[in-house]
Amino acid sequence: MKQKINHSALKQQFFKKLLPLWPALKGSLAQVYKPCIRPNCPVCAKGRKHPNYLLAFTQKGKRRCLYVPLAMVPLLKRALTNGRRLEQLLYEIGPALLREYRNQNPAKTGPTARLKRKNRPLKS
Ligand SMILES: [Zn+2]
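Residues numbered from 1 in each chain as written. Predicted model: local features only at pLDDT ≥ 70, side-chain atom pairs only at ≥ 80, totals over all residues.

*Asks:* Describe in detail the packing of helix α1 (residues 8-18) against helix α3 (residues 73-104), supporting the description with residues and values.
*Replies:* Axis separation between α1 and α3 bottoms out at 11 Å; the angle between their running directions is 165 degrees. For the element pair α1 / α3, the angle class is roughly antiparallel. Where α1 crosses over α3, the handedness of that crossing is right-handed. Here α1 contributes Leu10, Phe14 and Lys17 to the contact with α3, which in turn contributes Leu89, Ile93, Ala96, Leu97 and Glu100. Taken together, the residues that form the contact of α1 with α3 break down as six nonpolar, no polar and two charged. (Axes fitted to C-alpha atoms, helices over the stretch in contact; angles between N-to-C directions. Helix = DSSP H or I, 4+ residues; strand = E, 2+ residues; numbered from the N terminus. Parallel < 35°, antiparallel > 145°, perpendicular 65-115°, else oblique. Left-handed = near helix turned anticlockwise from the far one by under 90°. Contact = placed C-beta atoms within 7 Å. Nonpolar A, V, L, I, M, F, W, Y, C, P; charged D, E, K, R; others polar.)

*Asks:* Could you give me a rundown of the sheet that holds strand β3 (residues 62-68), with the residues and numbers involved?
*Replies:* Sheet strands pair by backbone hydrogen bonding; their relative direction is either parallel or antiparallel. Spatial ordering of the open sheet is given by β1-β2-β3, a layout of three strands whose pairing is antiparallel. Where the open sheet ends on each side, the last strands, each with one partner, are β1 (28-34) and β3. Averaged over all pairs of adjacent strands, the angle between their axes in this sheet comes to 35 degrees, without regard to strand direction. Sheet topology note: the strand β2 (residues 50-59)/β3 ladder contains seven bridges and is antiparallel. (Pairing = 2+ DSSP bridges.)

*Asks:* Can you break down the pairing of β3 residue by residue, with the values?
*Replies:* Counting buried positions over the seven residues of β3 gives zero, only a small fraction of the element. Once β2 ends, the chain turns through two residues before running back antiparallel as β3, passing lysine 60 with a positive phi of about 50 degrees. (Buried ≥ 20, exposed ≤ 12 C-beta atoms within 10 Å, placed from the backbone.)

*Asks:* Explain unusual backbone geometry to me, using residue names and the numbers behind them.
*Replies:* With an omega of -5 degrees, the peptide bond running from tryptophan 22 to proline 23 counts as cis. Within the secondary structure layout, proline 23 lies in the loop between α1 and β1. One non-glycine residue, asparagine 40, lies in the positive phi region at around 60 degrees. Take asparagine 40: it is sitting in the loop between β1 and α2 (42-45). With a phi close to 50 degrees, lysine 60 is a non-glycine residue in the positive phi region. Within the element layout of this structure, lysine 60 appears in the loop between β2 and β3.

*Asks:* Mind laying out the pairing of β2, listing which residues take part and the relevant values?
*Replies:* Look at any regular strand and the pattern is simple: side chains alternate between the two faces of the sheet. Inspection of the sheet shows β1 paired to β2 by seven bridges, in the antiparallel sense. Across the sheet, residue tyrosine 33 finds its bridge partner in β2, namely proline 51.

Bear in mind that shape data such as this cannot, by itself, settle questions of function.
Encoded structure:
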């Protein structure tokens, strides 16, 4: 038997949680130290290198890295946190859909149904 399942409430809850999670991304941010290309750089001359950030991510199955401008580091850190929250949100949807289905379609078999049958008043 085909039944139309109404999950518009769940959908609305999902979108409500989804919007504040922008921007979201998957990957990792790493701080690396590299020498620069400036000639006679006093920092590099002292043997100290410049801090740089790299964003590592997977694209079409391949590991890739991109340099991240310092000004974008806070935004990308927030995006990584949001990415983890988004993933958690996706994990919650399966159980929520099943819970809703069960609420709309009370079990006809199983322990709950057996209990209900036992409690049903006898026909006269
Ligand atoms: Zn330098």
